[in-house]
Amino acid sequence: MTVNTAPTVQDEQAWMQQAIAVATESAKSGGGPFGALIVKDGAVVATAHNQVTAENDPSAHAEVTAIRAACRALGTFSLEGCTLITSCEPCPMCLSTALWARVARVVFSADRDDAAVAGFDDRRFYDLFEKKPQEAWPLDVVHLDLPNRTAPFDAWIAKSDRIDY
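To keep things clear, this report deals only with the structure shown in the data block. (Residues numbered from 1 in each chain as written. Predicted model: local features only at pLDDT ≥ 70, side-chain atom pairs only at ≥ 80, totals over all residues. Heavy atoms only, no water.)

### Concerning the layout of surface pockets
Part 1: A volume near 520 Å³ is recorded for the largest pocket.
Part 2: For the lining of the largest pocket, the element with the most residues is helix α4 (residues 92–100), which contributes four residues. (1 Å grid on protein atoms, 1.4 Å probe; cavity = no way out; pocket = protein on both sides within 12 Å on 5 of 7 lines; lining within 4 Å. Points joined across faces, edges and corners; volume = space filled by probe spheres on them. Helix = DSSP H or I, 4+ residues; strand = E, 2+ residues; numbered from the N terminus.)

Right under this line is the structure:
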C-alpha cells in the first residue's frame, strides 16, 4: 500500500501562515516585510526573512535567503522536489533563483500589486524583462568580445571530475 505524502491544501495554508508570520515579525523588527520557507517531503527545511538592509545585500530577499539556507541544510545546490512558500509573489531575481535551484513548486500569497502599495514596486523589473528592448534598460549591458572568452568553459569541459548543474 502506497501512502500519499503530497502536501494538502491545509499543509500549504499552515506553511503560508508561517511565512506571513515570519514576514510580519521581520517588518516589526526592522527588516523587510517578506518571509519564505522551503519545504521538502512535508517538512520545513529552511525559514528566512528579507535581510537586504540588515546585511547591506540587495540579493538577500527572503526567497533567496531561504534557498541558500535550504541548500546548506540539505548539502546540495539542487532543491528538486522542494516547494518554496513565500509571503509575496517572487520578484524576477527570486523566481530566477528558484529556477536555478530546481525548486519544483512556488506558492505565494500577496502579489506584486499588494507589494507596490507598500512601496515595493517590482513591476518595473517584470516590465523590463517582458516588454522593453535591451536598449531601453536603465543600465548598459555591453558585450566585450575577447579571443579567450571561452577559456573558462574550455577548462570546465576538460575537467573530468566536474559536477554538472
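### As for the pairing of strand β4 (residues 105–110)
Part 1: Alignment of strand β3 (residues 82–88) against β4, held across five bridges, turns out to be parallel. Counted as the bridge partner of Cys88 is Ala110 from β4.
Part 2: In this fold, β3 hands off to α4, which returns the chain to β4; that crossover is right-handed. (Pairing = 2+ DSSP bridges. Right-handed = clockwise from strand over helix to strand, strands pointing away.)

### Focus: the pattern of salt bridges
Part 1: Taken as a whole, this structure holds eight salt bridges when the rule is applied.
Part 2: Put simply, Glu89 and Arg112 hold a salt bridge, and the shortest N to O gap is 2.9 Å. Taken together, the positions of Glu89 in the loop between β3 and α4 and Arg112 in helix α5 (residues 112–117) put the pair 23 residues apart, joining distant regions of the chain.
Part 3: Note on Glu89: relative accessible area 17%, which makes it buried.
Part 4: Arg112 gets classed as partly exposed once you look at its relative accessible area, which sits at 25%.
Part 5: Where Arg162 meets Asp164, a salt bridge forms, and the shortest distance between an N and an O atom there is 2.9 Å.
Part 6: Overall, Arg162 belongs to the partly exposed group, its relative accessible area being 30%.
Part 7: A residue is classified by how much of its surface remains accessible, and Asp164, at 53% relative accessible area, is exposed.
Part 8: Three or more residues are tied together by salt bridges with common partners; here these are Asp113, Asp121 and Arg123. (Salt bridge = Lys/Arg side-chain N within 4 Å of Asp/Glu carboxyl O. Buried < 20%, exposed > 50% of the residue type's maximum accessible area, 1.4 Å probe, protein only.)

### A closer look at the pairing of strand β1 (residues 35–40)
Part 1: A large share of β1 lies buried, amounting to five of its six residues.
Part 2: Both β1 and strand β2 (residues 43–49) contribute to a ladder of six bridges, which runs antiparallel. Bridging from a neighbouring strand, Val39 pairs with Val44 of β2.
Part 3: The hairpin turn running from β1 into β2, its antiparallel successor, is two residues long, and Asp41 in that turn takes a positive phi close to 50°.
Part 4: Judged from the five bridges that link them, β1 and β3 form a sheet pairing that is antiparallel. Directly across from Lys40, in β3, lies its bridge partner Cys82.

### A short note on the packing of helix α3 (residues 62–74) against α4
Part 1: The interhelical angle for the contact between α3 and α4, taken along N-to-C directions, is 20°, at an axis separation of 8 Å. Classified by the angle their axes make, α3 and α4 are roughly parallel. As for the relative orientation of α3 and α4, their crossing is left-handed in sense. Contacts from Glu63, Val64 and Ile67 in α3 reach Met93, Cys94, Thr97 and Ala98 in α4.
Part 2: Partitioned by chemical class, the residues of the contact of α3 with α4 number five nonpolar, one polar and one charged. (Axes fitted to C-alpha atoms, helices over the stretch in contact; angles between N-to-C directions. Parallel < 35°, antiparallel > 145°, perpendicular 65-115°, else oblique. Left-handed = near helix turned anticlockwise from the far one by under 90°. Contact = heavy atoms within 4.5 Å. Nonpolar A, V, L, I, M, F, W, Y, C, P; charged D, E, K, R; others polar.)

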